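Take a look at the letters that make up each chain.
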Amino acid sequence: MSEVRTVGVIGAGQMGTGIAQVCALAGFDVVLYDVSFEQARQGVAKVQAGLDRQVAGEKIAATERDEALARLKAADGVNDLAPCDLVIEAATEKEEIKRRIFAQVCPVLRPDAILASNTSSISITRLAAGTDRPERFLGIHFMNPVPVMKLVELVRGIATDDAVFEASKAVVQKLDKTIIVSEDFPGFIVNRILIPMINEAIYTLHEGIGSVESIDASMRLGANHPMGPFQLADFIGLDTCLSIMQVLHDGLADSKYRPCPLLVKYVEAGWLGRKTKRGFYDYRGETPVPTR
Ligand SMILES: CC(=O)CC(=O)SCCNC(=O)CCNC(=O)[C@H](O)C(C)(C)COP(=O)(O)OP(=O)(O)OC[C@H]1O[C@@H](n2cnc3c(N)ncnc32)[C@H](O)[C@@H]1OP(=O)(O)O
Ligand SMILES: NC(=O)C1=CN([C@@H]2O[C@H](COP(=O)(O)OP(=O)(O)OC[C@H]3O[C@@H](n4cnc5c(N)ncnc54)[C@H](OP(=O)(O)O)[C@@H]3O)[C@@H](O)[C@H]2O)C=CC1
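Keep in mind that this is a model prediction, so the values were computed, not measured.

About the thresholds
- Residues numbered from 1 in each chain as written.
- Chains lettered and ligands numbered in written order.
- Predicted model: local features only at pLDDT ≥ 70, side-chain atom pairs only at ≥ 80, totals over all residues.
- Heavy atoms only, no water.
- Helix = DSSP H or I, 4+ residues; strand = E, 2+ residues; numbered from the N terminus.
- Rg over C-alpha atoms; globule rule 2.2 N^0.38 Å.
- Contact = heavy atoms within 4.5 Å.
- Areas by Shrake-Rupley, 256 points an atom, 1.4 Å probe, with all protein chains shown as cover.
- Lys, Arg positive; Asp, Glu negative; His and termini not counted.
- Charge placed at Lys NZ, Arg CZ, Asp CG, Glu CD.
- Phe/Tyr/Trp six-rings, centres within 6.5 Å; stacked < 30°, edge-to-face > 60°.
- Buried < 20%, exposed > 50% of the residue type's maximum accessible area, 1.4 Å probe, protein only.
- Lys NZ or Arg CZ within 6 Å of the ring centre and 35° of its normal.
- Polar contact = N/O pair within 3.5 Å; in protein donor to acceptor, adjacent residues only side chain to side chain.
- Near = heavy atom within 4 Å.
- 1 Å grid on protein atoms, 1.4 Å probe; cavity = no way out; pocket = protein on both sides within 12 Å on 5 of 7 lines; lining within 4 Å.
- Sits in = over half its atoms within 2 Å of the grid points.
- Nonpolar A, V, L, I, M, F, W, Y, C, P; charged D, E, K, R; others polar.

Student: Run through the overall build of the protein chain, naming residues and quoting values.
Tutor: Looking only at helices and strands, the protein chain has 11 helices and 10 strands in total. The globule rule puts the C-alpha radius of gyration for 292 residues at 19 Å, and the 19 Å found for the protein chain is close to it. Overall, the C-alpha framework of the protein chain stretches about 55 × 45 × 30 Å when taken along its three principal axes. The contacts of the protein chain with a sequence gap of at least 6 include a subset with a gap of at least 24, amounting to 66%. As displayed, the protein chain offers around 13600 Å² of accessible surface, 52% of which is attributable to carbon and sulfur atoms. Side-chain charges of the protein chain comprise 32 positive and 37 negative groups, with the mean position of each set lying 2 Å from the other.

Student: Kindly report on the packing of aromatic side chains, identifying the contributing residues and their values.
Tutor: This structure, assessed with the given rule, holds 5 aromatic pairs. Here the aromatic rings of F102 and F137 are separated by 5.3 Å at their centres, their planes lie at 90°, and the arrangement is edge-to-face. Here F102 is found in helix 4 (residues 95-105), whereas its partner F137 is found in strand 6 (residues 137-142), with 35 residues between them in sequence. Judged on exposure class, the residue F102 and its partner F137 are both buried. The interplanar angle of 55° and the centroid separation of 6.3 Å between the aromatic rings of Y281 and Y283 together place this pair among those described as tilted. Look at Y283 and you get buried, because its relative accessible area is 19%. Among the aromatic residues, those joined into a cluster by ring pairs are F230, Y266, W271 and F280. Across the ring face of F165, the terminal group of R156 is positioned such that the distance to the ring centre comes to 3.7 Å.

Student: Summarise the side chain of K98; cite the residues concerned and give the values.
Tutor: Secondary-structure assignment places K98 in helix 4. Looking at K98, its side chain comes within polar contact range of the side chain of E89, at 2.5 Å. Those residues in contact with K98 that lie beyond four places of it in its chain are E89, A91, T92, E93, S117, T119, I122 and L127.

Student: If you had to explain the site of ligand 2 to someone new, which residues and values would you point to?
Tutor: Near ligand 2 there are 26 residues, and of these D34, E93, K98, S120 and I236 occur at the shortest range. In this structure, Q14 approaches ligand 2 through a main-chain N or O atom, which is 3.1 Å from an oxygen atom. S120 places a polar side-chain atom, nitrogen or oxygen, 2.6 Å from an oxygen atom of ligand 2. Taking 900 Å² as the accessible area of ligand 2 by itself, protein coverage stands at 82%. If you map ligand 2 onto the pockets, it falls in the largest pocket. No other element matches helix 4, which puts 3 residues into the shell around ligand 2. Partitioned by chemical class, the residues of the shell around ligand 2 number 11 nonpolar, 11 polar and 4 charged.

Below, the structure written as C-alpha coordinates:
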(Lines give C-alpha, C1' and ligand atoms only; values in the text may rest on other atoms or scores of the structure.)
(Ligands and ions follow the chains in the order given, each with its own letter.)
Protein backbone atom coordinates (compact mmCIF):
# COMPACT_ATOMS: atom_id res chain seq x y z
CA MET A 1 0.00 0.00 0.00
CA SER A 2 1.36 3.44 -0.91
CA GLU A 3 2.23 5.85 1.88
CA VAL A 4 -0.32 8.52 2.86
CA ARG A 5 0.89 11.97 1.76
CA THR A 6 -2.29 13.90 1.04
CA VAL A 7 -5.15 14.03 3.53
CA GLY A 8 -8.64 15.31 2.70
CA VAL A 9 -10.82 16.67 5.49
CA ILE A 10 -14.58 16.98 4.98
CA GLY A 11 -16.37 19.53 7.18
CA ALA A 12 -14.66 22.78 8.16
CA GLY A 13 -16.28 23.03 11.60
CA GLN A 14 -14.43 22.91 14.91
CA MET A 15 -13.23 19.32 14.45
CA GLY A 16 -12.45 19.47 10.73
CA THR A 17 -10.34 22.61 11.13
CA GLY A 18 -8.51 21.09 14.11
CA ILE A 19 -7.79 17.90 12.15
CA ALA A 20 -6.60 19.94 9.15
CA GLN A 21 -4.33 21.94 11.48
CA VAL A 22 -2.58 18.94 13.06
CA CYS A 23 -2.24 17.13 9.72
CA ALA A 24 -0.72 20.16 7.95
CA LEU A 25 1.67 20.72 10.86
CA ALA A 26 2.76 17.08 10.72
CA GLY A 27 3.80 17.52 7.08
CA PHE A 28 0.80 16.16 5.16
CA ASP A 29 -0.67 18.07 2.22
CA VAL A 30 -4.24 18.83 3.27
CA VAL A 31 -7.38 19.61 1.27
CA LEU A 32 -10.23 21.04 3.38
CA TYR A 33 -13.73 20.59 1.94
CA ASP A 34 -17.10 22.00 3.07
CA VAL A 35 -20.47 22.68 1.44
CA SER A 36 -19.08 25.72 -0.38
CA PHE A 37 -15.69 27.13 -1.35
CA GLU A 38 -16.44 30.11 0.90
CA GLN A 39 -16.96 27.86 3.96
CA ALA A 40 -13.81 25.91 3.15
CA ARG A 41 -11.91 29.22 2.93
CA GLN A 42 -13.32 30.31 6.27
CA GLY A 43 -12.09 26.97 7.61
CA VAL A 44 -8.57 27.73 6.36
CA ALA A 45 -8.78 31.09 8.15
CA LYS A 46 -9.72 29.23 11.38
CA VAL A 47 -6.71 26.95 10.94
CA GLN A 48 -4.55 30.02 10.49
CA ALA A 49 -5.94 31.48 13.74
CA GLY A 50 -5.24 28.16 15.50
CA LEU A 51 -1.65 28.13 14.22
CA ASP A 52 -1.20 31.78 15.24
CA ARG A 53 -2.33 30.79 18.74
CA GLN A 54 0.28 28.04 18.81
CA VAL A 55 2.97 30.49 17.67
CA ALA A 56 1.89 33.00 20.33
CA GLY A 57 2.03 30.21 22.96
CA GLU A 58 5.52 29.27 21.70
CA LYS A 59 4.36 25.77 20.82
CA ILE A 60 5.54 26.11 17.24
CA ALA A 61 7.83 28.48 15.33
CA ALA A 62 6.45 31.03 12.86
CA THR A 63 8.19 29.15 10.03
CA GLU A 64 6.35 25.93 10.99
CA ARG A 65 3.06 27.85 10.82
CA ASP A 66 3.92 29.26 7.40
CA GLU A 67 4.99 25.86 6.06
CA ALA A 68 1.81 24.25 7.40
CA LEU A 69 -0.36 26.93 5.77
CA ALA A 70 1.44 26.41 2.47
CA ARG A 71 0.44 22.73 2.60
CA LEU A 72 -3.25 23.52 3.23
CA LYS A 73 -5.77 24.21 0.49
CA ALA A 74 -9.50 25.03 0.56
CA ALA A 75 -11.42 22.73 -1.81
CA ASP A 76 -13.39 24.39 -4.57
CA GLY A 77 -15.75 21.44 -5.06
CA VAL A 78 -15.60 17.74 -4.36
CA ASN A 79 -13.25 17.01 -7.30
CA ASP A 80 -10.42 18.66 -5.36
CA LEU A 81 -10.46 15.61 -3.07
CA ALA A 82 -9.35 13.36 -5.97
CA PRO A 83 -5.59 13.36 -5.13
CA CYS A 84 -6.16 12.34 -1.48
CA ASP A 85 -4.70 9.10 -0.11
CA LEU A 86 -6.82 9.39 3.04
CA VAL A 87 -10.05 11.34 3.53
CA ILE A 88 -11.33 12.04 7.05
CA GLU A 89 -15.00 13.01 7.22
CA ALA A 90 -15.80 15.42 10.08
CA ALA A 91 -19.19 16.80 9.03
CA THR A 92 -22.27 17.17 11.22
CA GLU A 93 -23.13 14.17 13.45
CA LYS A 94 -26.11 12.98 11.39
CA GLU A 95 -26.03 9.64 9.63
CA GLU A 96 -28.00 10.86 6.55
CA ILE A 97 -25.57 13.76 6.06
CA LYS A 98 -22.55 11.47 6.28
CA ARG A 99 -24.11 8.94 3.89
CA ARG A 100 -24.89 11.66 1.35
CA ILE A 101 -21.32 12.94 1.57
CA PHE A 102 -19.85 9.46 1.00
CA ALA A 103 -22.12 8.99 -2.03
CA GLN A 104 -20.72 12.23 -3.54
CA VAL A 105 -17.11 11.68 -2.56
CA CYS A 106 -16.50 7.97 -3.31
CA PRO A 107 -16.82 8.26 -7.12
CA VAL A 108 -14.16 11.00 -7.05
CA LEU A 109 -11.60 9.10 -4.95
CA ARG A 110 -9.00 6.63 -6.23
CA PRO A 111 -10.12 3.04 -5.55
CA ASP A 112 -7.17 2.58 -3.17
CA ALA A 113 -7.87 5.74 -1.12
CA ILE A 114 -8.78 5.24 2.54
CA LEU A 115 -12.00 6.77 3.85
CA ALA A 116 -12.40 7.49 7.57
CA SER A 117 -15.07 9.07 9.73
CA ASN A 118 -14.48 11.19 12.82
CA THR A 119 -17.99 10.29 14.01
CA SER A 120 -18.49 10.47 17.77
CA SER A 121 -20.87 7.55 17.98
CA ILE A 122 -22.31 6.18 14.73
CA SER A 123 -21.59 2.58 13.71
CA ILE A 124 -18.49 2.40 11.52
CA THR A 125 -19.68 -0.89 10.06
CA ARG A 126 -23.00 0.67 9.01
CA LEU A 127 -21.37 3.80 7.55
CA ALA A 128 -18.82 1.62 5.71
CA ALA A 129 -21.56 -0.58 4.26
CA GLY A 130 -23.05 2.48 2.57
CA THR A 131 -19.82 3.14 0.64
CA ASP A 132 -18.06 1.43 -2.27
CA ARG A 133 -15.10 0.52 0.01
CA PRO A 134 -16.03 -1.10 3.34
CA GLU A 135 -12.56 -2.76 3.46
CA ARG A 136 -10.92 0.66 3.17
CA PHE A 137 -13.13 2.41 5.74
CA LEU A 138 -12.54 2.96 9.48
CA GLY A 139 -13.22 5.32 12.39
CA ILE A 140 -10.52 7.86 13.33
CA HIS A 141 -12.02 9.71 16.28
CA PHE A 142 -10.16 12.82 17.44
CA MET A 143 -10.97 14.71 20.66
CA ASN A 144 -11.79 18.41 20.95
CA PRO A 145 -9.72 20.66 20.89
CA VAL A 146 -7.76 18.56 18.41
CA PRO A 147 -4.43 20.44 18.68
CA VAL A 148 -4.44 19.96 22.48
CA MET A 149 -6.02 16.57 23.24
CA LYS A 150 -3.65 13.60 23.10
CA LEU A 151 -6.14 10.81 22.42
CA VAL A 152 -7.39 9.35 19.15
CA GLU A 153 -9.77 6.38 19.12
CA LEU A 154 -9.33 4.01 16.17
CA VAL A 155 -12.32 1.85 15.27
CA ARG A 156 -12.38 -1.04 12.79
CA GLY A 157 -15.57 -1.81 10.97
CA ILE A 158 -16.37 -5.48 10.49
CA ALA A 159 -14.77 -5.39 7.01
CA THR A 160 -11.77 -3.08 7.61
CA ASP A 161 -8.56 -4.52 6.09
CA ASP A 162 -5.63 -4.92 8.47
CA ALA A 163 -3.32 -3.07 6.04
CA VAL A 164 -5.73 -0.10 5.95
CA PHE A 165 -5.89 -0.05 9.73
CA GLU A 166 -2.08 -0.13 10.00
CA ALA A 167 -1.63 2.63 7.40
CA SER A 168 -4.15 4.82 9.27
CA LYS A 169 -2.43 4.09 12.56
CA ALA A 170 0.88 5.25 11.05
CA VAL A 171 -0.77 8.55 10.04
CA VAL A 172 -2.14 9.15 13.55
CA GLN A 173 1.25 8.28 15.08
CA LYS A 174 2.83 10.97 12.87
CA LEU A 175 0.42 13.45 14.48
CA ASP A 176 1.97 12.59 17.85
CA LYS A 177 -1.31 11.35 19.30
CA THR A 178 -1.89 8.43 21.65
CA ILE A 179 -4.02 5.73 20.04
CA ILE A 180 -6.55 3.51 21.74
CA VAL A 181 -8.52 0.93 19.83
CA SER A 182 -12.25 0.63 20.45
CA GLU A 183 -14.66 -2.01 19.26
CA ASP A 184 -17.39 -0.71 16.98
CA PHE A 185 -20.31 -0.16 19.38
CA PRO A 186 -22.36 3.02 19.96
CA GLY A 187 -20.27 5.90 21.32
CA PHE A 188 -17.08 3.75 21.27
CA ILE A 189 -15.24 4.22 24.62
CA VAL A 190 -14.97 7.96 25.40
CA ASN A 191 -18.51 8.98 24.50
CA ARG A 192 -20.12 5.84 25.96
CA ILE A 193 -18.94 7.21 29.30
CA LEU A 194 -18.67 10.99 28.83
CA ILE A 195 -21.94 11.91 27.12
CA PRO A 196 -24.23 10.02 29.55
CA MET A 197 -22.42 11.93 32.32
CA ILE A 198 -23.25 15.21 30.60
CA ASN A 199 -26.84 14.03 30.04
CA GLU A 200 -27.08 13.16 33.76
CA ALA A 201 -25.83 16.65 34.64
CA ILE A 202 -28.65 18.07 32.50
CA TYR A 203 -31.16 15.85 34.37
CA THR A 204 -29.67 17.12 37.64
CA LEU A 205 -30.40 20.67 36.45
CA HIS A 206 -33.82 19.72 35.03
CA GLU A 207 -34.87 18.20 38.37
CA GLY A 208 -33.81 21.35 40.24
CA ILE A 209 -31.07 19.68 42.22
CA GLY A 210 -28.55 22.36 41.32
CA SER A 211 -27.97 25.35 39.04
CA VAL A 212 -25.75 25.40 35.96
CA GLU A 213 -23.01 27.10 37.99
CA SER A 214 -23.27 24.89 41.08
CA ILE A 215 -23.20 21.68 39.01
CA ASP A 216 -20.22 22.92 36.99
CA ALA A 217 -18.38 23.99 40.15
CA SER A 218 -19.15 20.59 41.73
CA MET A 219 -17.49 18.67 38.94
CA ARG A 220 -14.58 21.11 38.51
CA LEU A 221 -13.69 21.38 42.17
CA GLY A 222 -15.11 18.11 43.47
CA ALA A 223 -13.95 15.78 40.74
CA ASN A 224 -11.08 17.84 39.23
CA HIS A 225 -12.60 17.98 35.75
CA PRO A 226 -11.00 20.79 33.71
CA MET A 227 -14.46 21.99 32.65
CA GLY A 228 -17.84 21.52 34.30
CA PRO A 229 -20.35 19.37 32.36
CA PHE A 230 -22.27 22.41 31.04
CA GLN A 231 -19.11 24.21 29.96
CA LEU A 232 -18.04 21.02 28.22
CA ALA A 233 -21.45 20.38 26.62
CA ASP A 234 -21.45 23.93 25.23
CA PHE A 235 -17.90 23.38 24.00
CA ILE A 236 -18.73 20.09 22.24
CA GLY A 237 -22.02 21.46 20.82
CA LEU A 238 -25.44 20.55 22.22
CA ASP A 239 -26.59 19.22 18.82
CA THR A 240 -23.65 16.82 18.83
CA CYS A 241 -24.35 15.78 22.46
CA LEU A 242 -27.99 15.09 21.59
CA SER A 243 -27.12 13.13 18.44
CA ILE A 244 -24.71 10.97 20.46
CA MET A 245 -27.36 10.30 23.15
CA GLN A 246 -29.83 9.33 20.41
CA VAL A 247 -27.32 6.89 18.92
CA LEU A 248 -26.71 5.35 22.38
CA HIS A 249 -30.45 5.17 23.08
CA ASP A 250 -31.32 3.62 19.70
CA GLY A 251 -28.25 1.41 19.43
CA LEU A 252 -28.25 -0.01 22.96
CA ALA A 253 -32.06 0.01 23.37
CA ASP A 254 -31.77 0.86 27.05
CA SER A 255 -33.87 3.61 28.66
CA LYS A 256 -30.90 4.65 30.81
CA TYR A 257 -29.61 6.48 27.71
CA ARG A 258 -32.74 8.56 27.10
CA PRO A 259 -31.80 12.12 26.19
CA CYS A 260 -32.89 14.67 28.80
CA PRO A 261 -35.89 16.69 27.50
CA LEU A 262 -34.08 19.87 28.53
CA LEU A 263 -31.23 19.02 26.16
CA VAL A 264 -33.79 18.47 23.40
CA LYS A 265 -35.34 21.87 24.17
CA TYR A 266 -32.02 23.72 23.90
CA VAL A 267 -31.27 22.06 20.56
CA GLU A 268 -34.77 22.84 19.27
CA ALA A 269 -34.20 26.49 20.24
CA GLY A 270 -30.98 26.52 18.20
CA TRP A 271 -29.03 27.21 21.42
CA LEU A 272 -26.22 24.84 20.51
CA GLY A 273 -23.49 26.18 22.80
CA ARG A 274 -20.43 28.22 21.97
CA LYS A 275 -20.79 27.84 18.22
CA THR A 276 -24.14 29.71 18.26
CA LYS A 277 -23.08 31.94 21.18
CA ARG A 278 -25.80 30.55 23.44
CA GLY A 279 -26.29 27.24 25.21
CA PHE A 280 -26.25 26.53 28.93
CA TYR A 281 -24.26 29.76 29.03
CA ASP A 282 -24.77 32.95 27.02
CA TYR A 283 -21.47 33.91 25.37
CA ARG A 284 -22.59 37.18 23.78
CA GLY A 285 -21.11 39.38 26.51
CA GLU A 286 -17.64 39.68 28.02
CA THR A 287 -18.03 36.69 30.34
CA PRO A 288 -20.33 33.66 29.98
CA VAL A 289 -23.64 34.02 31.86
CA PRO A 290 -25.69 30.91 32.79
CA THR A 291 -29.01 30.70 30.93
CA ARG A 292 -30.75 28.99 33.90
C1 LIG B 1 -17.63 14.67 21.69
C2 LIG B 1 -16.57 13.76 21.25
O3 LIG B 1 -16.77 13.02 20.27
C4 LIG B 1 -15.29 13.58 21.96
C5 LIG B 1 -14.71 14.77 22.63
O6 LIG B 1 -13.90 15.47 22.08
S7 LIG B 1 -15.27 15.08 24.16
C8 LIG B 1 -14.41 16.54 24.66
C9 LIG B 1 -13.03 16.22 25.13
N10 LIG B 1 -12.40 17.42 25.56
C11 LIG B 1 -12.38 17.80 26.85
O12 LIG B 1 -12.86 17.11 27.72
C13 LIG B 1 -11.75 19.14 27.09
C14 LIG B 1 -11.84 19.54 28.55
N15 LIG B 1 -11.19 20.81 28.73
C16 LIG B 1 -9.85 20.97 28.79
O17 LIG B 1 -9.09 20.02 28.74
C18 LIG B 1 -9.34 22.38 28.96
O19 LIG B 1 -10.36 23.17 29.50
C20 LIG B 1 -8.84 23.01 27.62
C21 LIG B 1 -7.59 22.24 27.12
C22 LIG B 1 -9.89 23.02 26.51
C23 LIG B 1 -8.48 24.46 27.87
O24 LIG B 1 -7.58 24.50 28.92
P25 LIG B 1 -7.49 25.72 29.94
O26 LIG B 1 -6.32 25.41 30.80
O27 LIG B 1 -8.80 25.99 30.51
O28 LIG B 1 -7.28 26.93 29.03
P29 LIG B 1 -5.99 27.49 28.44
O30 LIG B 1 -4.94 27.71 29.47
O31 LIG B 1 -6.50 28.64 27.65
O32 LIG B 1 -5.54 26.33 27.44
C33 LIG B 1 -4.56 25.34 27.72
C34 LIG B 1 -3.82 25.09 26.44
O35 LIG B 1 -4.68 24.61 25.43
C36 LIG B 1 -4.69 25.48 24.29
N37 LIG B 1 -6.05 25.60 23.81
C38 LIG B 1 -7.15 25.81 24.55
N39 LIG B 1 -8.24 25.77 23.78
C40 LIG B 1 -7.81 25.55 22.53
C41 LIG B 1 -8.46 25.43 21.29
N42 LIG B 1 -9.80 25.50 21.19
N43 LIG B 1 -7.70 25.18 20.19
C44 LIG B 1 -6.36 25.10 20.28
N45 LIG B 1 -5.70 25.20 21.45
C46 LIG B 1 -6.42 25.43 22.55
C47 LIG B 1 -4.19 26.81 24.82
O48 LIG B 1 -3.53 27.54 23.79
C49 LIG B 1 -3.25 26.40 25.91
O50 LIG B 1 -2.00 26.11 25.38
P51 LIG B 1 -0.71 26.69 26.14
O52 LIG B 1 -0.61 25.90 27.40
O53 LIG B 1 0.34 26.43 25.16
O54 LIG B 1 -1.00 28.15 26.35
N1 LIG C 1 -17.60 18.69 18.86
C2 LIG C 1 -16.83 17.77 19.41
O3 LIG C 1 -16.40 17.94 20.55
C4 LIG C 1 -16.49 16.55 18.66
C5 LIG C 1 -17.15 16.21 17.50
N6 LIG C 1 -16.80 15.07 16.82
C7 LIG C 1 -17.50 14.70 15.59
O8 LIG C 1 -16.93 15.44 14.52
C9 LIG C 1 -17.93 15.73 13.54
C10 LIG C 1 -18.01 17.23 13.35
O11 LIG C 1 -18.32 17.85 14.59
P12 LIG C 1 -18.05 19.40 14.83
O13 LIG C 1 -16.84 19.83 14.10
O14 LIG C 1 -18.15 19.63 16.28
O15 LIG C 1 -19.34 20.04 14.13
P16 LIG C 1 -19.54 21.50 13.54
O17 LIG C 1 -21.01 21.75 13.58
O18 LIG C 1 -18.58 22.45 14.17
O19 LIG C 1 -19.05 21.33 12.04
C20 LIG C 1 -19.66 20.50 11.09
C21 LIG C 1 -19.25 21.02 9.72
O22 LIG C 1 -19.70 20.12 8.71
C23 LIG C 1 -20.25 20.90 7.69
N24 LIG C 1 -21.14 20.14 6.82
C25 LIG C 1 -22.46 19.86 7.01
N26 LIG C 1 -22.93 19.18 5.95
C27 LIG C 1 -21.89 19.05 5.08
C28 LIG C 1 -21.74 18.47 3.79
N29 LIG C 1 -22.77 17.90 3.18
N30 LIG C 1 -20.54 18.51 3.18
C31 LIG C 1 -19.49 19.09 3.80
N32 LIG C 1 -19.56 19.66 5.01
C33 LIG C 1 -20.74 19.63 5.64
C34 LIG C 1 -20.97 22.01 8.43
O35 LIG C 1 -21.35 23.06 7.57
P36 LIG C 1 -22.66 23.94 8.00
O37 LIG C 1 -22.18 24.80 9.12
O38 LIG C 1 -22.97 24.68 6.75
O39 LIG C 1 -23.73 22.96 8.40
C40 LIG C 1 -19.89 22.39 9.43
O41 LIG C 1 -18.92 23.25 8.85
C42 LIG C 1 -19.23 15.09 14.05
O43 LIG C 1 -19.35 13.80 13.50
C44 LIG C 1 -18.98 15.03 15.56
O45 LIG C 1 -19.73 14.04 16.19
C46 LIG C 1 -15.79 14.25 17.25
C47 LIG C 1 -15.08 14.57 18.38
C48 LIG C 1 -15.39 15.72 19.18
